[in-house]
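# Examination of the molecular architecture
Take a look at the letters that make up each chain.
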Amino acid sequence: DVGGFCNGILAGLVAITAGCANVEPWESIIIGLVGGLVYQGASMLLKRLKVDDVVDAFPVHGACGIWGIVALGLFGNPDEGMGGNGVFYGGDQLGTQLFAGFLIILWAGGLSVLIFLPLRKLGMLRMGDEFQEKGADVMEHSPAKAYSESPNAATAKKTSSQQAEV
């Protein structure tokens, strides 16, 4: 699964973004690896809950972003002079990071409700039945020949149209 592989890499990068200036390189590797596992778990959970997230945006950016915030509260040695103050070193940063994560979830969730609830009530969140049957890529985003039913379909159409011209 190339998409899952790429998302796993991206998940690790998202996870380390919050604490990249405040943790040691070996800690960033751990944070990134755990981020990959968080991505996999969140992706599997969404599938089990039947939540439609085609590109796994929430597992990559939401779940791994929150993990990155929490990880900064765990890692980061204040004695290294990089600004870390993690629990693993006797620091008290974890409470601040958890509170920040809560505020981010509250802010993003609140704004999402304000935007998506009216759109849902107006029936503007779903594409029509034809779009859902064929897919938006076929309907709007690409030339029709890019989605031929068989490898020879485009050639057959071209040949028949050339014959019609003669």
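Each value, and the rule that gives it
Residues numbered from 1 in each chain as written. Predicted model: local features only at pLDDT ≥ 70, side-chain atom pairs only at ≥ 80, totals over all residues. Heavy atoms only, no water. Helix = DSSP H or I, 4+ residues; strand = E, 2+ residues; numbered from the N terminus. Contact = heavy atoms within 4.5 Å. Expected span 1.5 Å × (residues − 1). Bend = angle between axes of the 7 residues up to and from the residue. Buried < 20%, exposed > 50% of the residue type's maximum accessible area, 1.4 Å probe, protein only. 1 Å grid on protein atoms, 1.4 Å probe; cavity = no way out; pocket = protein on both sides within 12 Å on 5 of 7 lines; lining within 4 Å. Points joined across faces, edges and corners; volume = space filled by probe spheres on them. Nonpolar A, V, L, I, M, F, W, Y, C, P; charged D, E, K, R; others polar. Axes fitted to C-alpha atoms, helices over the stretch in contact; angles between N-to-C directions. Parallel < 35°, antiparallel > 145°, perpendicular 65-115°, else oblique. Left-handed = near helix turned anticlockwise from the far one by under 90°.

### Details of the environment of Leu 72
- By secondary structure assignment, the location of Leu 72 is in helix H3 (residues 57–74).
- It is 7.7 Å that separates the C-alpha atoms of Leu 72 and Asn 22, two residues lying 50 residues apart in sequence.
- Apart from residues no more than four positions distant in its own chain, Leu 72 is found in contact with Ala 18, Gly 19, Asn 22, Val 23, Gly 86, Gln 93 and Gln 97.

### Remarks on helix H4 (residues 93–121)
- For H4, spanning 29 residues, the distance from its first C-alpha to its last is 42 Å, which sits close to the expected 42 Å at 1.5 Å a residue.
- Within H4, the axis deviates most sharply at Val 113, by approximately 25°.
- Of the residues trailing H4, Gly 123 is marked for its positive phi of about 75°.

### Digging into unusual backbone geometry
- The phi torsion at Lys 50 lies on the positive side, around 60°, for a residue other than glycine.
- Along the chain, Lys 50 turns up in the loop between helix H2 (25–48) and H3.
- With a relative accessible area of 75%, Lys 50 lands in the exposed category.
- We note that Asp 56 has phi near 55°; this positive angle belongs to a residue other than glycine.
- Here Asp 56 shows up in the loop between H2 and H3.

### Overview of the layout of surface pockets
- Looking at the largest pocket, its volume works out to about 270 Å³.
- Forming the boundary of the largest pocket are Phe 116, Arg 120, Gly 123, Leu 125 and Arg 126.
- Grouping the amino acids of the lining of the largest pocket by side-chain chemistry returns 2 nonpolar, 1 polar and 2 charged.
- One number sums up the size of the second largest pocket: a volume of about 160 Å³.
- Forming the walls of the second largest pocket are Leu 46, Val 51, Asp 52, Asp 53 and Phe 58.

### A closer look at the packing of H2 against H3
- Between H2 and H3, the least distance of the axes is 8 Å, while the angle of their chain directions is 135°. Classified by the angle their axes make, H2 and H3 are oblique. Read as a crossing pair, H2 and H3 show a hand that is right-handed. Residues Ile 31, Val 34, Gly 35, Val 38, Tyr 39, Ala 42, Ser 43 and Leu 46 of H2 touch H3, and the partners they reach there are Phe 58, Pro 59, Val 60, Ala 63, Cys 64, Trp 67 and Ala 71.

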